[in-house]
Amino acid sequence: MSSRGAAHRLTTTGHVVLGLVGVRPMAGYELAAFAARTVAHMWPIAKSQVYGELARLEEMGLVTGSDVAQERLPDKRSYSLTDAGQAALESWLDDPTAEQDRFRSSALVKLFFAGQVGTDAALRLIDAYEASVDERLPHMKMIVEHLDSEHTRFAGLTALCGLRHMEAAKAWAQEARARLQQGD
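First, a word on what this report is: a plain description of the structure on this page. (Residues numbered from 1 in each chain as written. Predicted model: local features only at pLDDT ≥ 70, side-chain atom pairs only at ≥ 80, totals over all residues. Heavy atoms only, no water.)

1. Re the pairing of strand β3 (residues 76-81)
No. 1: Across 2 bridges, the pairing between strand β1 (residues 26-27) and β3 is antiparallel. When the bridges of β3 are listed, Ala 27 appears paired with Ser 78. (Pairing = 2+ DSSP bridges. Helix = DSSP H or I, 4+ residues; strand = E, 2+ residues; numbered from the N terminus.)

Here it is as structure tokens:
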């Protein structure tokens, strides 16, 4: 099968795992941990998904796994891109189309239904939402500063987008609170 045909059969999650393998050869648990520290901020991926996609990618000939003996630890299987995998990754990255972003927020879903319980409950939800944003903002700022170099500029741009989303979420919480309080 051509790498182009294989690339068209991959989900975004499959492409994400392909991209993770493209960073450097890693074992499945290393890929899952790396994903949790990096791309999970924009594309959550469970450890089980990483392992499932690795098996699928290997079956498709896009990655190859090799067993690595370790002295004091169990042996591991390290994955790297094949030429077909590199071509599939490049084809995906070169395609400017992207799925529409999906935003999930249990706080906003609760707020949507808060009219059933009243303004005080809605204000508590907004306060908790803003507190959660405030708790994560310093960490996101640190990530942006850490990734502010030529070597990490593309990762830094994704972190900057995350920071701007968080700042917008904080501004929204303040405006939503003010609007609810005006209605009282």
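Now that the structure has been shown, the text picks up again.
2. Observations concerning the nonpolar core
No. 1: Formed by 22 residues in total, the largest nonpolar core has its most connected members in Leu 18, Val 21, Leu 31, Leu 54, Leu 57, Leu 62 and Val 63.
No. 2: Mapped onto this core, the elements with two or more residues apiece are α2 (12-23), α3 (28-37), α4 (47-59), β3 and α5 (83-94).
No. 3: Sorting elements by how many residues they give to this core places α2 first, with 5 residues. (Core = buried A, V, L, I, M, F, W, Y, C linked by side-chain atoms within 4.5 Å. Buried < 20%, exposed > 50% of the residue type's maximum accessible area, 1.4 Å probe, protein only.)

3. Some thoughts on the packing of α2 against α5
No. 1: Following both chains from N to C, one finds α2 and α5 inclined at 120 degrees, their axes separated by 10 Å at the closest point. Here α2 lies oblique to α5, going by the angle between them. Handedness of the α2/α5 crossing: left-handed. Residue-level contacts link Thr 12, His 15, Val 16, Leu 18 and Gly 19 of α2 to Gly 85, Ala 88, Leu 89 and Trp 92 of α5.
No. 2: Taken together, the residues that form the contact of α2 with α5 break down as 5 nonpolar, 4 polar and no charged. (Axes fitted to C-alpha atoms, helices over the stretch in contact; angles between N-to-C directions. Parallel < 35°, antiparallel > 145°, perpendicular 65-115°, else oblique. Left-handed = near helix turned anticlockwise from the far one by under 90°. Contact = heavy atoms within 4.5 Å. Nonpolar A, V, L, I, M, F, W, Y, C, P; charged D, E, K, R; others polar.)

4. Side note on the side chain of Glu 53
No. 1: Along the chain, Glu 53 falls in helix α4.
No. 2: With near-sequence residues (within four places) excluded, Glu 53 lies in contact with Thr 11, Thr 13, Gly 14 and Val 17.

5. Concerning the packing of aromatic side chains
No. 1: Evaluation of the coordinates by the stated rule reveals 2 aromatic pairs.
No. 2: Seen from their ring centres, Phe 112 and Phe 113 are 5.0 Å apart, and the 85 degrees between their planes marks the pair as edge-to-face.
No. 3: A residue is classified by how much of its surface remains accessible, and Phe 113, at 44% relative accessible area, is partly exposed.
No. 4: On the numbers, 5.4 Å between centres and 85 degrees between planes, the contact of Tyr 129 with Trp 172 is edge-to-face. Here Trp 172 lies in helix α8 (residues 153-182) and Tyr 129 lies in helix α7 (residues 119-146), a separation of 43 residues in the sequence.
No. 5: With a relative accessible area of 16%, Tyr 129 lands in the buried category.
No. 6: Directly above the ring of Phe 34 sits Arg 24, whose terminal nitrogen or CZ lies 5.4 Å from the centroid. (Phe/Tyr/Trp six-rings, centres within 6.5 Å; stacked < 30°, edge-to-face > 60°. Lys NZ or Arg CZ within 6 Å of the ring centre and 35° of its normal.)

6. Concerning the pattern of salt bridges
No. 1: For the structure on display, the rule yields 10 salt bridges.
No. 2: A salt bridge links Arg 56 to Glu 53, with the nearest nitrogen and oxygen atoms 3.4 Å apart. One end of the pair, Arg 56, and the other, Glu 53, are both in helix α4, 3 residues apart, so they sit about a helical turn from each other.
No. 3: Take Arg 56: its relative accessible area is 28%, and that puts it in the partly exposed class.
No. 4: Relative accessible area serves as the criterion here: at 12%, Glu 53 is assigned to the buried category.
No. 5: A salt bridge links Glu 167 to Arg 164, with the shortest nitrogen-to-oxygen separation between them at 2.9 Å. With Glu 167 and Arg 164 both in helix α8, this residue pair falls 3 residues apart, about one helical turn.
No. 6: Overall, the relative accessible area of 31% leaves Glu 167 in the partly exposed class.
No. 7: Overlapping salt bridges, with partners in common, bring together Asp 127, Glu 130, Asp 134, Lys 170 and Arg 177 in one network. (Salt bridge = Lys/Arg side-chain N within 4 Å of Asp/Glu carboxyl O.)

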